[in-house]
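Here is what each chain is made of, one letter per residue.
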Amino acid sequence: MIETSASSAPQWINSLMDTMGAPGAGLAIALENLFPPLPSEVILPLAGFSAGTGQMSLWAALLWTTAGSVIGALALYGVGALLGRDRTVAIAGRIPLVKVSDIERTEAWFAKHGTKAVLFGRMIPLFRSFISVPAGIERMPLPVFLGLTTLGSAVWNTVFVMAGYLLGDNWAEVSGYVSVYSKVVLAVAVLAVAGFVAARVVKTKRKRRQSCPGSGRTHG
């Protein structure tokens, strides 16, 4: 049974690790990839803490959480592959202020930087889940995707599992730091979206004024 110092973790995570050990930690991380609001900043250090108490081996915690990350990412890659470019363009065409040219620019960017995005994206909250979808849409070669995802996930997971392992009863301190990091990433993402929307609205209004007859005339 996970000790009371792990009480800050959601009960379902405790239950998974109590029942399944390291595979339970892997399952929790796979679910976190599919549902980003789930607390990976709690799951990973808790797995490390559990390894420190002897509930599971450290190597098992590292291997199973990394496997869980890869399985979750692979599922989202499959969603992107099933969605495909044509459906993505059709969906984008129905979203206000989004144009097909935006999709084309994104494709060009991903063709140039996709490998770095998949590798380092595994270390960025929220982004680490969503990056798998465009990788699937663009049909990044599966061996490349799996290799990059495994490497990036192994680095990220090892840092936080080891932190929980070394901190012992103070493992929950890790989640505080990661929570701040996650909030900063979310704030940057919100600002980026807000900037995109504002720029697109201004551009649309300017085009409407230019196309309106007499818009540039003055009346005496």
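Structural notes on the overall build of the protein
Inference 1: In terms of regular secondary structure, the protein is built from 9 helices and 0 strands.
Inference 2: Each helix (α) and strand (β) of the protein, taken in turn from the N terminus, gives the series α-α-α-α-α-α-α-α-α.
Inference 3: Looking at the protein as a whole, 39% of its 220 residues are labelled buried.
Inference 4: Excluding contacts between residues fewer than 6 apart, the proportion of contacts in the protein whose partners are at least 24 apart in sequence is 75%.
Inference 5: Taken as a whole, the protein presents about 12200 Å² of accessible surface, with 69% of it coming from carbon and sulfur.

Side note on the packing of aromatic side chains
Inference 1: Scanning the model with the defined rule gives 2 aromatic pairs in all.
Inference 2: Each ring, one from Tyr77 and one from Phe145, has its centre 4.7 Å from the other, and the planes form 35°; the classification is tilted. Of the two residues, Tyr77 sits in helix α4 (residues 58–94) while Phe145 sits in helix α8 (residues 142–167), which places them 68 residues apart along the sequence.
Inference 3: A centroid spacing of 4.6 Å and a plane angle of 50° characterise the contact between Trp156 and Phe160, whose relative ring orientation is tilted. Of this pair, Trp156 and Phe160 both sit in helix α8, separated by 4 residues, roughly a single helical turn.
Inference 4: Looking at Trp156, the relative accessible area reads 8%, which means it is buried.

Concerning the nonpolar core
Inference 1: Judged by nonpolar contacts, the single largest core of 20 residues is most densely connected at Ile13, Met17, Ile43, Leu44 and Met56.
Inference 2: Looking at this core, the elements that each hand over two or more residues are α1 (11–20), α2 (22–34), α3 (40–52), α4 and α8.
Inference 3: The dominant element in this core, judged by the number of residues it contributes, is α3, at 7 residues.
Inference 4: Once residues within four sequence positions are removed from consideration, Leu44 is found in contact with Ile29, Thr65, Trp156, Asn157, Phe160 and Val161.
Inference 5: Judged by nonpolar contacts, the second largest core, of 11 residues, contains Ala73, Phe110, Phe145 and Leu148.

Observations concerning the confidence of the model for the protein
Inference 1: Of all residues in the protein, 65% have pLDDT values of 70 or greater, and the mean over the chain is 76.
Inference 2: The secondary-structure element of the protein with the lowest mean pLDDT is helix α9 (residues 173–211), recorded at 62, while α8 shows the highest, at 90.

Remarks on the packing of α1 against α3
Inference 1: One way to put it is that α1 packs onto α3 with a least axis distance of 11 Å and a crossing angle of 40°. Judged by the twist between their axes, the crossing of α1 over α3 is right-handed. Residue-level inspection shows Ile13, Asn14 and Met17 of α1 in contact with α3, the latter providing Val42, Ile43, Leu46, Ala47 and Ser50.

Comments concerning a nonpolar patch on the surface
Inference 1: There is a patch of nonpolar side chains on the surface, built from Leu151, Val155 and Val159 and spanning about 250 Å² of accessible area.
Inference 2: Looking at the secondary structure, you find Val155 in helix α8.
Inference 3: Accessibility expressed as a relative area gives 38% for Val155, which makes it partly exposed.

A closer look at the packing of α2 against α3
Inference 1: Their axes nearest at 10 Å, the elements α2 and α3 cross at an angle of 165°. Viewed along their axes, α2 and α3 adopt a mutual orientation that is roughly antiparallel. Relative to α3, α2 is oriented so that their crossing is left-handed. From α2, Ala25, Ala28, Ile29 and Glu32 reach across to α3, where they touch Ser40, Ile43, Leu44 and Ala47.

Quick word on the side chain of Asn157
Inference 1: Within the secondary structure, Asn157 sits in helix α8.
Inference 2: Residue classification places Asn157 among the buried positions, given a relative accessible area of 2%.
Inference 3: A polar contact is formed between the side chain of Asn157 and the side chain of Ser69, at a distance of 3.1 Å.
Inference 4: Leave out the neighbours within four places in its chain, and Asn157 touches Leu44, Leu62, Thr65, Thr66 and Ser69.

Comments concerning empty space enclosed by the protein
Inference 1: Per the stated rule, a full pass over the model turns up 1 cavity of 30 Å³ or more.
Inference 2: Taken as a whole, the largest cavity holds about 40 Å³ of empty space.
Inference 3: Residue lining of the largest cavity: Glu32, Asn33, Leu44, Ser69, Arg122, Arg128, Ser153, Trp156 and Asn157, and that is the complete set.
Inference 4: Counting only elements with at least two residues in the lining of the largest cavity, the list comes to α2 and α8.
Inference 5: The greatest single-element share of the lining of the largest cavity, amounting to 3 residues, is contributed by α8.
Inference 6: When its residues are assigned to classes, the lining of the largest cavity shows 2 nonpolar, 4 polar and 3 charged.

Criteria and cut-off values
- Residues numbered from 1 in each chain as written.
- Predicted model: local features only at pLDDT ≥ 70, side-chain atom pairs only at ≥ 80, totals over all residues.
- Heavy atoms only, no water.
- Helix = DSSP H or I, 4+ residues; strand = E, 2+ residues; numbered from the N terminus.
- Buried < 20%, exposed > 50% of the residue type's maximum accessible area, 1.4 Å probe, protein only.
- Contact = heavy atoms within 4.5 Å.
- Areas by Shrake-Rupley, 256 points an atom, 1.4 Å probe, with all protein chains shown as cover.
- Phe/Tyr/Trp six-rings, centres within 6.5 Å; stacked < 30°, edge-to-face > 60°.
- Core = buried A, V, L, I, M, F, W, Y, C linked by side-chain atoms within 4.5 Å.
- pLDDT = per-residue confidence, 0-100.
- Axes fitted to C-alpha atoms, helices over the stretch in contact; angles between N-to-C directions.
- Left-handed = near helix turned anticlockwise from the far one by under 90°.
- Patch = residues over 30% accessible without salt bridge, like charges linked within 9 Å, V, L, I, M, F, W, Y side chains within 5 Å.
- Salt bridge = Lys/Arg side-chain N within 4 Å of Asp/Glu carboxyl O.
- Parallel < 35°, antiparallel > 145°, perpendicular 65-115°, else oblique.
- Polar contact = N/O pair within 3.5 Å; in protein donor to acceptor, adjacent residues only side chain to side chain.
- 1 Å grid on protein atoms, 1.4 Å probe; cavity = no way out; pocket = protein on both sides within 12 Å on 5 of 7 lines; lining within 4 Å.
- Points joined across faces, edges and corners; volume = space filled by probe spheres on them.
- Nonpolar A, V, L, I, M, F, W, Y, C, P; charged D, E, K, R; others polar.

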